[in-house]
Amino acid sequence: MLPSQSASVFFTKTLLKWHHEENERTLPWKEESDPYKIWLSEIILQQTRAEQGLPYYNKFIAAYPDIHALAAAPEDEVFRLWQGLGYYNRCRNLLETARNISRERKGIFPGAFEEILKLKGVGPYTAAAIASFAYNLPHAVVDGNVYRVLSRYFGIELAIDGNEGKSFFQQLADRLLDKKQPGAYNQAIMDFGSTICKPKAPLCESCCLARNCTAYINGLVDELPVKEKKSKVKERYFDYLVLCVGAEIYIRQRTGKDIWQNLYEYYLVEHRGNQSYTDSADWEAIKSYVVKQKGPVFSNRQRLTHQLIHSRFYIITLRAKPDILTSGMWISKDSLNNYAFPLTILSFSDIKKYF
């Protein structure tokens, strides 16, 4: 059941009062009305904390001050700027949308929620954020922070990842939204979730909403919000062979429908956890060229949304370039920075010391 009108009004007024008088969270896009910059910030912040996304936002604005500049940028250049941020589909969608708006709409960003929602890589949350922040349109955002604040304050035990829960929370968010200042309200509840009603160690003792917060009153802060689904994590095992001939290194681009599409990597042998690259047919074709091999010189684990990547790196010196290596290219070690690599590759930062 949705809260009463008086309870809704109290929540919204108290939250906005906190926002105008106590919210000290400063981020450059919060002062923006330019839809391009707001859109850019929202795409960067998908699956990314604001503190992590801030330097990327600043780099993109410096390199591409408007949507025409981004649309005209070479793809590899944009991917290098995105490098390390992860979830690279966001970068592909970013470019596609920029080119569409630049060419088809003459650089004019859509100004209606329904039109914003049609953009590549934009879902209901992102569309609501852009509509409210750029155009002050009355659309309520619902993200992880909003789920947490609302579930705790109103004591909602519906699972936030179930269809019933998602529908209810959207209705509740719409009810609570201040229609006269939707941008301020949306910013307030997201900042409140990030700085006060945090996932762990929330600041309940100093919270302006605590005296009416169901979770705080009933000792349920750590129990809410509720999730019903636990995603199974797939573990994958990567052996990266840094193949070297003189001062050149072999790299290739990931082009399949898999993680890190369009990014570059060293020669990869994927295997079961109890195996290594030496068990593969690939190695049988390469090993006759080997002069020296060293490793693993580095090991790493990277957690993606539903995958855990175990990677090991080996330095393999070859006497010549094997004929079978036709899907990639040989580059100078000095040109590595010209290519965009996934974070797993970037974590191996000491490669140059082997040359």
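Structure: see above.
A brief look at the structure comes next. (Residues numbered from 1 in each chain as written. Predicted model: local features only at pLDDT ≥ 70, side-chain atom pairs only at ≥ 80, totals over all residues. Heavy atoms only, no water.)

**Remarks on the overall build of the chain**
Here comes step 1: What the chain contains, in helices and strands, is 14 helices and 7 strands.
Here comes step 2: Its C-alpha atoms give the chain principal-axis dimensions of roughly 80 × 50 × 35 Å.
Here comes step 3: Put simply, of all contacts in the chain between residues at least 6 apart along the chain, 69% involve residues at least 24 apart.
Here comes step 4: As displayed, the chain offers around 17,800 Å² of accessible surface, 48% of which is attributable to carbon and sulfur atoms.
Here comes step 5: Mean positive and mean negative side-chain charge positions of the chain (46 and 39 charges, respectively) differ by 3 Å. (Helix = DSSP H or I, 4+ residues; strand = E, 2+ residues; numbered from the N terminus. Contact = heavy atoms within 4.5 Å. Areas by Shrake-Rupley, 256 points an atom, 1.4 Å probe, with all protein chains shown as cover. Lys, Arg positive; Asp, Glu negative; His and termini not counted. Charge placed at Lys NZ, Arg CZ, Asp CG, Glu CD.)

**Regarding the pattern of salt bridges**
Oppositely charged side chains may form a pair once their charged atoms are brought near each other.
Here comes step 1: This model, assessed by the stated rule, comprises 15 salt bridges.
Here comes step 2: Of the charged contacts, one joins aspartate 191 and arginine 25 as a salt bridge, the two residues approaching to 3.1 Å between their closest N and O atoms. Remark: arginine 25 occurs in the loop between helix 1 (5-21) and helix 2 (35-45) and aspartate 191 occurs in helix 11 (residues 182-195); sequence separation between them is 166 residues. Each member of the pair aspartate 191 and arginine 25 is classed as buried.
Here comes step 3: One salt bridge in this structure joins lysine 30 and aspartate 191, with 2.7 Å as the shortest N-O distance. Linking lysine 30 in the loop between helix 1 and helix 2 with aspartate 191 in helix 11, this pair joins segments that are 161 residues apart in sequence.
Here comes step 4: What makes lysine 30 buried here is its relative accessible area of 18%. (Salt bridge = Lys/Arg side-chain N within 4 Å of Asp/Glu carboxyl O. Buried < 20%, exposed > 50% of the residue type's maximum accessible area, 1.4 Å probe, protein only.)

**As for the packing of helix 3 (residues 50-63) against helix 5 (residues 75-82)**
Here comes step 1: Closest axis-to-axis distance for the helix 3/helix 5 pair is 10 Å, and the angle between their directions is 150°. Judged on the interaxial angle alone, helix 5 and helix 3 are roughly antiparallel. Together, Tyr56, Lys59, Phe60 and Ala63 of helix 3 and Val78, Leu81 and Trp82 of helix 5 make up the contact between the two elements.
Here comes step 2: For the contact of helix 3 with helix 5, the residue count by class is 6 nonpolar, no polar and 1 charged. (Axes fitted to C-alpha atoms, helices over the stretch in contact; angles between N-to-C directions. Parallel < 35°, antiparallel > 145°, perpendicular 65-115°, else oblique. Nonpolar A, V, L, I, M, F, W, Y, C, P; charged D, E, K, R; others polar.)

**Some points on the packing of helix 5 against helix 6 (residues 89-104)**
Here comes step 1: Remark: helix 5 packs on helix 6, axes separated minimally by 10 Å, with the N-to-C direction vectors making an angle of 135°. Taken together, the axis directions place helix 5 and helix 6 in an arrangement best described as oblique. Along this stretch, helix 5 crosses helix 6, giving a crossing that reads as right-handed. Of the residues in helix 6, those touching helix 5 at Glu75, Val78, Phe79 and Trp82 are Arg90, Cys91, Arg92, Leu94, Leu95 and Arg99.
Here comes step 2: For the contact of helix 5 with helix 6, the per-class residue count stands at 6 nonpolar, no polar and 4 charged. (Left-handed = near helix turned anticlockwise from the far one by under 90°.)

**Here's the deal with the side chain of aspartate 161**
Here comes step 1: Checked against the element boundaries, aspartate 161 lands in the loop between helix 9 (144-154) and helix 10 (163-176).
Here comes step 2: Its relative accessible area of 15% is what places aspartate 161 among the buried residues.
Here comes step 3: Setting aside its immediate chain neighbours within four residues, aspartate 161 contacts Lys166, Val226, Lys227, Glu228 and Lys229.

**Details of the packing of aromatic side chains**
Here comes step 1: Taken as a whole and judged by the stated rule, the model has 24 aromatic pairs.
Here comes step 2: Taken together, a centroid distance of 6.3 Å and an interplanar angle of 20° make the contact between phenylalanine 79 and tyrosine 88 stacked. Take phenylalanine 79 and tyrosine 88: they sit in the same class, and that class is buried.
Here comes step 3: Here the aromatic rings of tyrosine 240 and phenylalanine 313 are separated by 5.2 Å at their centres, their planes lie at 25°, and the arrangement is stacked. Remark: phenylalanine 313 occurs in strand 6 (residues 307-318) and tyrosine 240 occurs in strand 1 (residues 234-245); sequence separation between them is 73 residues.
Here comes step 4: Residue class for phenylalanine 313 comes out buried when judged on its relative accessible area of 0%.
Here comes step 5: Aromatic rings pair up to connect Phe238, Tyr240, Trp260, Phe298, Phe313 and Phe348 into one cluster. (Phe/Tyr/Trp six-rings, centres within 6.5 Å; stacked < 30°, edge-to-face > 60°.)

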